[in-house]
Amino acid sequence: MSEPSPHDRGAIERGTLSNARRSKPFDLLDFLWRRTPLILGLGIPAFLLLNLLTAPFVTPIYKVEGSLLIKQSKEPTIGGRDRETIQGDVGYFQRTLGIRVLDRDVLRAALAKVPEDKRPAFLRGLGDSDRAVFRLMSRIVAKEVERTYLIRVSMDGDSAEGLAEILHAVLQSLIEKLQHEQERQFQSRLDYLRGEREKIAARGEEEKTRILELASMFENRSFLRAAYTADLSKLEIIQKLYWEAEAVAAGKESALKEAQRNQREIVKLSLEPFAQERLADNFGLNQIERWTYEQSQQLRSSIDGLTPDNPDRKYVEARMQSMNDYMARYKESVAKSTISNLVEKRAFDLDSAVINAQSASVAAQESAQQLKAELDRASEEASRVSEGIFKASERTFSLGQLRDRLASINTRIDDTELEAKSPLPVTIDQEPTPPVKPASTNASKLRLASLVLSFGLIAGLCVAFDFLDGRIRTRRDLGAAIGGAGAEPIPATVPEGEDPAFARILGAEPRSAASVALRDLALRLALERERSAGHVFSILGVHARAGATTIALNVARALSAHGLRVLVAELPTASPGLAAAAGLPAGAEPPSPWGNKVRDPESGVDLIPWIPSLPEDRVRATLDSFLKHAATGYDIVLLDLASIAQSDITQQAALKSDAIVLVVRQDVGTFEQVRAAVERIAAGGVPAVTVALNFHRGNPMRVTLLELLATGQRRVSDLHRRFLERVGLAADAALAKWKARRGPATPPPKSSEDSDA
C-alpha cells in the first residue's frame, strides 16, 4: 500500500492534540441542566427541615446608633496662611476614622469606663480582656453616610440593657484618643522645633565670629570693596588670550607635522607619469618624431619590390633601424632630464613648506609662553584677593541662610502652638440612646444560613462528584480529548439498553437522527479519502460494548450507497458481532483469517466476520499483506477494532490506518480511556483521528423545556397570523363601508383653460 506524503495527508479533525486537554472539562451549563432537579428536589426539603429546626432559636435584636461629625474648616496662622484642619483628602480621613472606631485601644478604654453591672449581657464578667474586646468589636459596625461628613456607628445585642452606655463610651474613648494623639504630636513637634532654633542660633553666632576673625587678617580689608571683580576680570582676559595662543600654537605644530609627513611620504612617489605627460606635451620632440616617421616611410617606399638579399634594401633597412634607435635614445634622455628636474623642484617645494611651518610654530609657541608668564603673574595677584572674597562670601551666605532658617522656625513654632490649642475636627453629632423596642430578629440570618447549608451542601456534593467522575456525557467532553468538536453524536434509538434493529436503521428509518449522524460520519470518511488518498479506516471502540461493530456496518452501507467499493473486516475480539449484526449465519473456520468473506445481504458491502476459533498469530503475520491487497481491491477498507488496550492486534491495525474513528458510549466510557487511546494513536503517527459519542441521550429536562419553547413559539406564531387575518378583514370591511357612504366617484371639474380649449 503506497504511503502518501505528509502534505497530502488530511485529518478528519484538524488540530488533533494541539488544543487537547489533559483533564475532562467542567461544563457549568450542562451541570445545571442535569443536576438542577436533584439539587432542587433535595435542597427544598432540607431547607424546610432546617427552618423548622431553627425556629426555637429565633431571638429579638436590639440596635443602638450614634454618629460622628467631621468638621472641615480652615484656621488662620501667624504667617498669614490658612491651615486645613484635615490634612489630605477628607474621604480618606472619613474612611480611616470609621476603621479606627474598632481600634483595640479605643475598645479597651471604653470597657474600662463602663462598670460590670451596666454592661450588656455578652460583656459581663470579662473585664477588659482580649475576649471582651473581640466580642465588642464583632458587634460594632461603622459606616459612612453617603454625601455627608457623618459616620454612623451602630451596635446590636440580644437585650437593650447597656447598649447605649457601652457605645457612648466607645465614641468618647475615640475622641479622647484623637485629642491625646494631637497633643502628643504637636508637643513632640514643638520640642523638635525649639531644639532646632537653639542649634541654628548657636551656629549663627559662630559664623559671625568667623567673619570678624577673617576681616582682622587683612590690613586694608580690600576684599570687601564693591569693585573687587576688576582683579578677576583681568585674570579672565589674560587666560582667554593664553588659551587662544595655545590653540594657535597647537595648530601650527600640527601643520609642521603635516608638512614633515608630506615631505617623507611624497618623496616615495614616482614621477614617471608626470615625465610621460611632459614628453607627450613636448612640441619639439613631437616634431622630431614626426619627421623621423616621414623619412622612414619614404625609405620604406624606395625598397618596395626589392628582394631581401638586395644590398640596397639592406642598406635602407639598416638606416631606418639607426634612425629609430636614435629616436628612442633621445626620448629616454629627455625623460631622464625631465624626471631629474621634477625631483629637484618637488624637493625644493617640500623643504620650503617645512621651513615655513616650522617658523610659524616657533613664533606661536613664543607668543603662548609670553602669555603664560603674564597669566601666572595675574593668577598670583588674583589668588590673594579671591581667597578673601571666597571665604567672606561663603560665610556671609551661610549666615544669611541661618537667619532665614531661624525666622522660618520661629514662625513655624508660633503656628504649631496655635494648632496644638485648636479643637479636634471630629465631634459626637448624635449620642446613643437606649432602644425602646427590638429593631429586628435573627430569623433572616437563620433562614440564610439554612438556605446556604441545605442547597450549598447538596450542590457542593454534586460538583465534587462531577469533578471526580470521568465519564463522557457530552460531545464537548469527548472533543476535549482531541482538541476538536468530533463527529456528530449518534442518538440512542430506544429508551433503555441496546436496539437489536440498530444495524438496519439506515434502511428502516432513513430520516431519523441516528441515520443522519451515521451518514455524516460516512461523509467525513469519504472526504478524508479524497483529501489524503487514504483507503484504510478503523472504527475503534474505546471500551467494551461501545457499539463500534454496528456503527462500522452502517457506515459501510452508507459509503456503498455512494458507489464506493467497501470491505468491512472484523479483527480479533472476545465478543464478535459483525455476522449477527448483518443477519448472517455463523460460518465454519476458513483456512485463512481472511478467507470467510461474505456479501452483506442488504448492500454491496463485503464482510469478513471474525471467527473465535482462528489463531491470532496468523492474523499478526498476515495483517500487512491483507491490508496491502485490500487497499488495491477496494475503495475503502473499514476495520472493526476492539479496545486498543485489550489487544496488540488492535494497536497494530490502528497504527497502519489512514484515519481512526474512536467510538465511546455515553455515561460508560471515561475521559482517561479516550485520552490514553488518542495519545497512543498520535504517538504512532496516525494522520487523522476523530471521536464519536454513541448511545447519546439528551437531558430530559432540557429536551422537555426546548419542546415547550418550540410549542409556545408555534402557538404565538399561529395567534399572530390569526390576528393579522382578523385585522385585514376588519380593514376591508371598514373600507367597504366608507366607500358605500361616499357614493359613486364624480369626475373632477374642468378648469377654465380646458373650457377655452
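That block above? That's the structure.
This section reports on the structure supplied with the text. (Residues numbered from 1 in each chain as written. Predicted model: local features only at pLDDT ≥ 70, side-chain atom pairs only at ≥ 80, totals over all residues. Heavy atoms only, no water.)

**Side note on the pattern of salt bridges**
Quick note on the threshold: In what follows, salt bridge is the name for a side-chain nitrogen of Lys or Arg lying within 4 Å of a carboxyl oxygen of Asp or Glu. By the criteria applied, helices consist of DSSP H or I runs no shorter than four residues and strands consist of E runs no shorter than two, each listed in order from the N terminus. When a residue's accessible area, from a 1.4 Å probe over protein chains only, is under 20% of the maximum for its type it is buried; when over 50% it is exposed; and in between it is partly exposed.
Inspection of every chain in the model, using the stated rule, returns 30 salt bridges. Across the pair Glu181 and Arg100 runs a salt bridge whose closest N-O atoms are separated by 2.6 Å. With Glu181 in helix α5 (residues 163-216) and Arg100 in helix α2 (residues 90-100), this residue pair connects regions lying 81 residues apart in the sequence. Arg529 is the partner of Asp635 in a salt bridge, and the nearest nitrogen-oxygen pair spans 3.8 Å. Of this pair, Asp635 sits in the loop between α16 (616-633) and β12 (636-641) while Arg529 sits in helix α13 (residues 513-532), placing them 106 residues apart in sequence. The buried category is assigned to Asp635, whose relative accessible area is 13%. If you follow the salt bridges from partner to partner, you end up with Asp30, Arg34, Arg35 and Asp466 in one network.

**Here we look at the pairing of strand β5 (residues 150-157)**
Quick note on the threshold: Two strands are counted as paired when DSSP detects at least two bridges linking them.
Counting buried positions along β5 gives 6 out of 8 residues, so the element sits mostly inside the fold. Of the strand pairs in this sheet, strand β1 (residues 60-70) and β5 are connected by 8 bridges, and their pairing is antiparallel. Along β5, the bridge assignment pairs Glu65 with Ser154. In this sheet, β5 lies alongside strand β4 (residues 140-144) in antiparallel orientation, the contact comprising 5 bridges. Paired with Glu144 across the bridge in β5 is Ile151. Here β4 folds back onto β5 in antiparallel fashion, the turn holding 5 residues, of which Arg147 has a positive phi close to 65 degrees.

**So, empty space enclosed by the protein**
Where we set the bar: Buried and open spaces are told apart on a 1 Å grid over the protein atoms alone, a cavity being a set of points where a 1.4 Å probe fits but cannot get out and a pocket being an open set with protein on both sides within 12 Å along at least five of seven lines. Residues with an atom within 4 Å of a point are the lining residues. Grid points are joined across faces, edges and corners, and a volume is the space filled by probe spheres set on the points. Residues are grouped as follows: Ala, Val, Leu, Ile, Met, Phe, Trp, Tyr, Cys and Pro are nonpolar; Asp, Glu, Lys and Arg are charged; all remaining types, including Gly, are polar.
A full pass over the atoms with the stated rule returns 2 cavities of 30 Å³ or more. Put simply, the largest cavity is a space of about 90 Å³. As for the largest cavity, its lining consists of Lys24, Pro25, Phe26, Asp27, Asp30, Phe31, Arg34, Asp466, Arg473, Thr474 and Asp477. By residue number, the principal contributor to the lining of the largest cavity is helix α1 (residues 28-54), which donates 3 residues. Each residue belonging to the lining of the largest cavity can be placed in one class, and the counts come to 3 nonpolar, 1 polar and 7 charged. Considered as a void within the structure, the second largest cavity measures approximately 30 Å³ in volume.

**Overview of the environment of Ala110**
Within the secondary structure layout, Ala110 lies in helix α3 (residues 104-113). In this structure Ala110 comes out as buried when scored by relative accessible area, which is 0%. When the C-alpha atoms of Ala110 and Leu167 are compared, they prove to be 8.2 Å apart, with 57 residues separating the residues in sequence.

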